[in-house]
Amino acid sequence: MLDSGKPDGEPGGATVSGSRLDIGYHGTRVVHGASIELRAGRVTTLVGPNGSGKSTLLRALARLHRPDRGEVRLADGTSAFALSAKEFARRVTLLAQSRPTPSGVTVADVVAYGRHPYRGRWRGDDPEGSRAIARAMEVTGVTGMADRPADQLSGGELQRVWLATCLAQDTRVLLLDEPTTFLDLRYQVEILDLVRELADDHAVAVGVVLHDLNQAAAIGDHVVLLHGGVVRAGGTPAEVLTGEHLTEVYGIRIEVDTDPATGTLVARPVGRHTRRTAVPR
């Protein structure tokens, strides 16, 4: 994943797509006819209120939830569900919303978990493993903590370690489910910067669920807005994150401006006691 010159063997670059997906739990439909495509070198952000189907749709792309109807396919047309678990894990990886804190293992050991799709019974079966692990740790800035026990890390440090584990898996599609949740501001910015670099510098296709609309606008090339399990809008941040769309979907008045310093959109919910402040100029 981290070598932009690496041939990926897939026509049109590394993508995964879902077409007209109906997804349900225990007989209850939660996603209705949703279509989405992740493209190489592009960050696609999924936004919407709680319960809108964002994480469910992402999990379907990760093959963790089989749709009741529709298809999940890779760029060469292969059905995601036709591949073995190891074959799929060499092409798509998911950083789930919550993961257990490993106990009794080092950071380096945790990152090495990402090499599981390439290993047989013995580690010697994975000649590229050491290089992939070192590269993933360097990119995420966790090399200096390689020998530290994983259960002694802060939340932000551990999140970066889990991201390094995903990068060590060396896929061309990276799915992230709310990667900034519970992180302080510094680590939120660092994680989002890294996501942007993976797309720009390494041609990774990224799909990321975010609650923060301003973060979604800042890093997203393409935005998918969900409401009630339906894709309400899809397109560039300017096309999707409009006051009209957001007010309708979130049920509260939301004003959208452009920050003249950065050119990014700024979404501001307007409550009864909201103090109006001008966008910095």
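Anything mentioned here points back to the structure above.
The shown structure was predicted, so the numbers you read here are calculated from the model rather than taken from an experiment.

Cut-offs applied
- Residues numbered from 1 in each chain as written.
- Predicted model: local features only at pLDDT ≥ 70, side-chain atom pairs only at ≥ 80, totals over all residues.
- Heavy atoms only, no water.
- Salt bridge = Lys/Arg side-chain N within 4 Å of Asp/Glu carboxyl O.
- Core = buried A, V, L, I, M, F, W, Y, C linked by side-chain atoms within 4.5 Å.
- Buried < 20%, exposed > 50% of the residue type's maximum accessible area, 1.4 Å probe, protein only.
- Helix = DSSP H or I, 4+ residues; strand = E, 2+ residues; numbered from the N terminus.
- Domains from an automatic or database assignment.
- Contact = heavy atoms within 4.5 Å.
- Pairing = 2+ DSSP bridges.
- Axes fitted to C-alpha atoms, helices over the stretch in contact; angles between N-to-C directions.

It is worth spelling out the pattern of salt bridges at this point. Close approach of charged atoms lets side chains of opposite charge pair. Within the structure shown, the criterion is met by 17 salt bridges. Residue Arg73 pairs with Glu71 through a salt bridge whose shortest N-O separation is 3.8 Å. Through salt bridges that share partners, Asp22, Arg29, Asp68 and Arg69 make up one connected network.

A separate point is the nonpolar core. In terms of nonpolar packing, the biggest core is built from 52 residues, with Val107, Val111, Val161, Leu174, Leu176 and Leu241 touching the most fellow members. Looking at this core element by element, the count peaks at 8 residues for helix 5 (residues 155-168). There are two domains that each give this core at least three residues, and those are domain 1 (14-91 + 171-237) and domain 2 (101-170). In this view, Val107 contacts Met137, Val142, Met145, Ala146, Arg148, Ala150, Leu153 and Val161; residues no more than four positions away in its chain are not counted. Core analysis: the next-biggest nonpolar cluster, separate from the first, contains 26 residues, Val16, Ala60, Ala62 and Phe88 among them.

What follows concerns the sheet that holds strand 1 (residues 16-25). Where strands meet in a sheet, backbone hydrogen bonds hold them as pairs that are either parallel or antiparallel. An order of 2-1-4 is seen for the 3 strands of this open sheet, with the pairing classed as antiparallel. Only two strands of the sheet have a single partner each, and these edge strands are strand 2 (28-38) and strand 4 (69-74). Each strand axis lies, on average, 25° off the axis of its neighbour in the sheet, ignoring direction. Where strand 1 lies against strand 2, 7 bridges are found, and the strand directions are antiparallel.

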